[in-house]
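# Summary of the model geometry
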Amino acid sequence: MTGTVVLVGCGNMGRAMLEGWLASGRLKAGEALVVEPAEALRARAAALGVAVVADAREIGADARPRLVVFAVKPQVIRDVIPAYARFKAGATYVSVAAGTPISAFEEGLGAGAAVLRCMPNTPAAIGKGMMVTFANPHVTPEAAAFVADLLSASGRVAGIADEALMDAVTAVSGSGPAYVFHFIECLTAAAEAAGLPADTAKLLAMQTVHGA
């Protein structure tokens, strides 16, 4: 790989992705730059050996990132986007911000921006995630393949051809883990109600789902 991956945001999801890229060898520490305003999160990222800055304005004028990955909360993403428009000529933008359409990035970055939207889920944090992507027409096949390879460090990757299907993706793989957790809780409660000790009930419920 040539160039730099700029990771905007290094909270739980951002850090999980970064750790996966580094551990798998898909990315070297020197090829990543993290932008994270929170001091504690910057320190955690720096401990992985990557370069860290607090603000986009600290990124050098000579930077030519291949990817800019947004891993920030949906409620602030629209305010964050414009600061990275200067990389548009050579970068592909990747977003894991839930519920934020590609149009929001096109508005913030300007015409011609290459944007790929990804819907991950929480198991990505342990390398067992399901990532679903949609790319606008400006994303090249080579860039899409590179992004898919990076994302595969966190689990399985699938692509969709219609962004409107992201709602269905969110309902299935995005929200699915929460329903599985709730099912385990209900199964545990039912087992306890049937007379099993609490620790045994929990073990039976969890192992049954894991095995299935």
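One can find the structure itself at the top, above this paragraph.
Residues numbered from 1 in each chain as written. Predicted model: local features only at pLDDT ≥ 70, side-chain atom pairs only at ≥ 80, totals over all residues. Heavy atoms only, no water.

### Digging into the nonpolar core
We apply this condition: In plain words, nonpolar cores are sets of buried Ala, Val, Leu, Ile, Met, Phe, Trp, Tyr and Cys residues tied together by side-chain atoms within 4.5 Å. Relative accessibility thresholds used throughout: buried, under 20% of the residue-type maximum; exposed, over 50%; partly exposed, between the two (1.4 Å probe, protein chains only). Only DSSP runs of H or I reaching four residues or more are called helices, and only runs of E reaching two or more are called strands; each is numbered from the N terminus. Contacts are residue-level and defined by heavy atoms, with any inter-residue pair within 4.5 Å sufficient.
The biggest cluster of nonpolar side chains holds 29 residues, and the ones touching the most others in it are L7, M17, L18, W21, L67 and V69. Of all the elements in the fold, those that place two or more residues in this core are β1 (5-8), α1 (12-24), β2 (32-35), β4 (67-70), β6 (114-119) and α5 (141-151). Of the residues forming this core, the biggest block, five residues, is contributed by α5. Here L18 is in contact with L7, C10, A32, V34, L48 and V50, once residues within four sequence places are set aside.

### Describing the packing of aromatic side chains
Geometrically, a pair of aromatic rings is defined through the distance of the ring centres and the angle of the planes. Threshold: Put simply, two rings from Phe, Tyr or Trp (the six-membered ring, in Trp's case) pair if the centres are within 6.5 Å, and we call them stacked under 30 degrees between planes, edge-to-face over 60, tilted for the rest.
In the structure shown here, the tally under the stated rule is four aromatic pairs. Ring geometry for F70 versus Y93: centroids 6.2 Å apart, planes at 15°, classification stacked. Pair noted here: F70 is in strand β4 and Y93 is in strand β5 (residues 92-95), with a separation of 23 residues, a long-range link. When sorted by exposure, F70 lands in the same class as Y93, which is buried. Seen in terms of ring centroids, F70 and F105 are 5.6 Å apart; in terms of plane orientation they differ by 45°. Their pairing is tilted. Of this pair, F70 sits in strand β4 while F105 sits in helix α4 (residues 102-109); the two residues are 35 residues apart in sequence, bridging distant segments of the chain. Here F70 falls in the buried class, since its relative accessible area comes to 0%.

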